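Summary of structural features
Residue strings, one per chain:
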Amino acid sequence: MAENIIGASNEDDVGIKEQDRLLPIANVGRIMKQIVPPNAKISKEAKETMQECVSEFIGFVTSEASQKCRKERRKTVTGDDICWALATLGFDNYELPLKRYLHKFRELEGEKAANQMKATSHDNKQEEEYEQYPLKFSLIGRNQQ
C-alpha cells in the first residue's frame, strides 16, 4: 500500500495508484525531446524526475483553483481559474502566456461553432429540399447537389 500513497498531498490522494497520479512518461519524454538538441539523449531517471515534478505542479495549481471554485460554490474549474491560481501561487511568468493561449483557444472554438452552425443550417436546407423533391435527389444523387 505504501507505493499507492507516495507523494499524497491530502487524504483524497490516499489510495490513488501512482500510474493514475502521474502523467504518462512517454508524453513527458516527447515534450522533453522537443527542447533538447536532436542528438541529445534523456535518461530514464531524468524523465521520471520530470514526470514527478510536472504531475506535482499540475496538482498544486489545480488544487488552488479548485479551492477557489469551492469557496465560490462552483463545481467546474475553468481556464480562468487556472490562470488565477498561477498568479496567486507566484507563477506570474506562466499566467500571461496561458491567458493568451486561452484567448486564442476560445476564438478558435467560437469559429468552429459558427462553422458548424453554418454547416448544420446548410444540411437542414438540403433535408427540407429532399423532402419536397425526393425524385430530384434520387436522380442526381443526394450528395452531388
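Residues numbered from 1 in each chain as written. Predicted model: local features only at pLDDT ≥ 70, side-chain atom pairs only at ≥ 80, totals over all residues. Heavy atoms only, no water.

1. A look at helix H2 (residues 25-35)
Taken as a whole, H2 has its buried residues at Val28, Gly29 and Met32. For H2, the angular spread of the buried residues around the axis is 100°, confining them to a single face. Exposed residues lying more than 90 degrees from the buried face of H2 are Arg30, Ile31 and Gln34. Packing partners of the buried residues in H2 comprise helix H3 (44-71). (Buried < 20%, exposed > 50% of the residue type's maximum accessible area, 1.4 Å probe, protein only. Helix = DSSP H or I, 4+ residues; strand = E, 2+ residues; numbered from the N terminus. Arc of directions from axis to C-beta. Contact = heavy atoms within 4.5 Å.)

2. Quick notes on the confidence of the model for the protein chain
A low pLDDT score tells you not to read the predicted coordinates there in detail. The predicted model of the protein chain has a mean per-residue pLDDT of 81, with 72% of residues at 70 or higher. Taken element by element, the predicted model of the protein chain shows its lowest mean pLDDT in helix H6 (residues 134-140) (51) and its highest in H3 (96). For residues 1-8, every residue scores under 50 in pLDDT, and the model assigns this stretch 13 contacts once sequence neighbours within four places are set aside. (pLDDT = per-residue confidence, 0-100.)

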